[in-house]
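Observations on the three-dimensional arrangement
Each chain, letter by letter, is given below.
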Amino acid sequence: MINFQYSRASDVADAVRQMAADPTARFIAGGTNLIDLMKVYVERPSRLIDISRLPLKSVEETKEGGLRIGALVPNSDLAYHPLVEKRYPLLGSAILAGASQQLRNMASTGGNLLQRTRCAYFYDTATPCNKRQPGSGCSALAGHNRMHAILGASEACIAAHPSDMCVALAALDAKVHVTGPSGERTIAFLDFHRLPEDTPQVETNLKPGEIVTAVELPAPGFAANYSYLKIRDRLSYAFALVSIAVGLQLEGGRIKEARLALGSVAHKPWRDTAAEAGLRGQAPNRATFARAAEQLLRDAKGYGHNDFKIELARRGIVRALTQAAQGTPQSQSNKKVL
Ligand SMILES: Cc1cc2nc3c(=O)[nH]c(=O)nc-3n(C[C@H](O)[C@H](O)[C@H](O)COP(=O)(O)OP(=O)(O)OC[C@H]3O[C@@H](n4cnc5c(N)ncnc54)[C@H](O)[C@@H]3O)c2cc1C
Ligand code: SF4
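Here's what I pulled together on the structure shown here.

Criteria and thresholds
- Residues numbered from 1 in each chain as written.
- Chains lettered and ligands numbered in written order.
- Predicted model: local features only at pLDDT ≥ 70, side-chain atom pairs only at ≥ 80, totals over all residues.
- Heavy atoms only, no water.
- Helix = DSSP H or I, 4+ residues; strand = E, 2+ residues; numbered from the N terminus.
- Contact = heavy atoms within 4.5 Å.
- Near = heavy atom within 4 Å.
- Polar contact = N/O pair within 3.5 Å; in protein donor to acceptor, adjacent residues only side chain to side chain.
- Areas by Shrake-Rupley, 256 points an atom, 1.4 Å probe, with all protein chains shown as cover.
- Nonpolar A, V, L, I, M, F, W, Y, C, P; charged D, E, K, R; others polar.
- Buried < 20%, exposed > 50% of the residue type's maximum accessible area, 1.4 Å probe, protein only.

Our focus in this paragraph is the side chain of T127. Secondary-structure assignment places T127 in the loop between helix 8 (120-123) and helix 9 (165-171). Not counting residues within four places of it along the chain, the set of residues in contact with T127 comprises Y121, R132 and S139.

Okay, structure coming up:
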């Protein structure tokens, strides 16, 4: 039994104040990840600051033509929001590829960003894990690492970020709005999560005490030519081995703009702007897509059990780009579940 205090934040400023007063506290939103981690003693917060009733549940158009998504918008509501269905189907598809309907009903936008890795050793307090206990070692390096990273890993940690939604947000060039003891600021989505380097326990560039208040999408939604391809061990209710988010803008038989991000291959959603640049101006064909895959995976490295993910990612990238170019996205699951 873990003893902890529970309090409810009355507004964002109160949440920030409460966190500043007790830095070992944790915000709780949907609780779908945090409570699981508490049950296995990985998270042992002194206090839970309940933010679930804060007024951060709206989806609003921005004056720049984008969308501002409150941090407490449930994943289901977001996927089925009419503006997301119409303008950002890549985001809706990615969300609906994750977890289950029940979990998506509880899971929040902010919580999805901050969910922890699914590395089994991280959950098992009987094994060394630098992320859970810095300096203790990484059991996955020479252990069971089938689900682990092939890009951007370090000797300290080879864990992968498991989110689906975040892969689409990376491809869509989102921004994260946060509030903390020093006020409000905005973080580019690509700078929000960190690579493990020597400090895998530090997973984001949030400063102590900061709360995520919203995620903002710019106007381009790539609604005509997109694909979210999630490759996993079974058809539903499984984390990705590799996932690929693609958005293309085609003009005159050429690629005018390209977005390409991968999930479950690195400690953060992996977007490669050099591979995207290589796609621009090219004809949307198999040779172009194979080149982009080569470029994106140029530094990929397996750790034994996960070597297969390199070839899986290569083929997945070509397939997702092909589906996007043809206007036939893999998952058109952006339909209401009856
Ligand atoms: C069985 C199962 C299967 C799943 N499958 C998938 C899947 O296939 N794909 C996928 O993407 N996800 C999957 N998930 C993960 C799920 O999407 C996350 O658990 C969920 O998004 C977390 O949101 P939450 O609101 O419940 O977060 P919580 O559990 O409440 O919080 C998670 C973390 O975020 C912090 N936090 C929450 N909100 C904020 C905020 N606004 N500001 C600052 N910090 C905050 C909390 O302090 C905590 O550290 C699965 C989960 C489960 C349990
Ligand atoms: S991969 Fe990271 S999370 Fe997994 S055991 Fe190693 S240090 Fe821990």
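Having seen the structure, we can now continue with the description.
Around ligand 1, 32 residues are found, and the nearest of them are F27, G31, T32, S108 and D164. In this structure, F27 approaches ligand 1 through a main-chain N or O atom, which is 2.5 Å from an oxygen atom. Alone, ligand 1 offers 970 Å² of accessible surface; in the complex the protein occludes 92% of this. Looking at the shell around ligand 1, the elements that each hand over two or more residues are strand 2 (26-28), helix 2 (34-39), helix 7 (109-113) and strand 8 (211-217). At three residues, helix 7 tops the list of elements feeding residues into the shell around ligand 1. Looking at the shell around ligand 1 residue by residue, the classes come out as 16 nonpolar, twelve polar and four charged.

Our next topic: unusual backbone geometry. Positive phi values are uncommon outside glycine, yet Y41 reaches one of about 65°. As for its placement among the helices and strands, Y41 is situated in the loop between helix 2 and strand 3 (47-50). Positioned with a positive phi, D173 is a non-glycine residue whose angle comes to about 65°. Inspection of the secondary structure assignment puts D173 in the loop between helix 9 and strand 6 (175-180). A relative accessible area of 36% places D173 in the partly exposed class.

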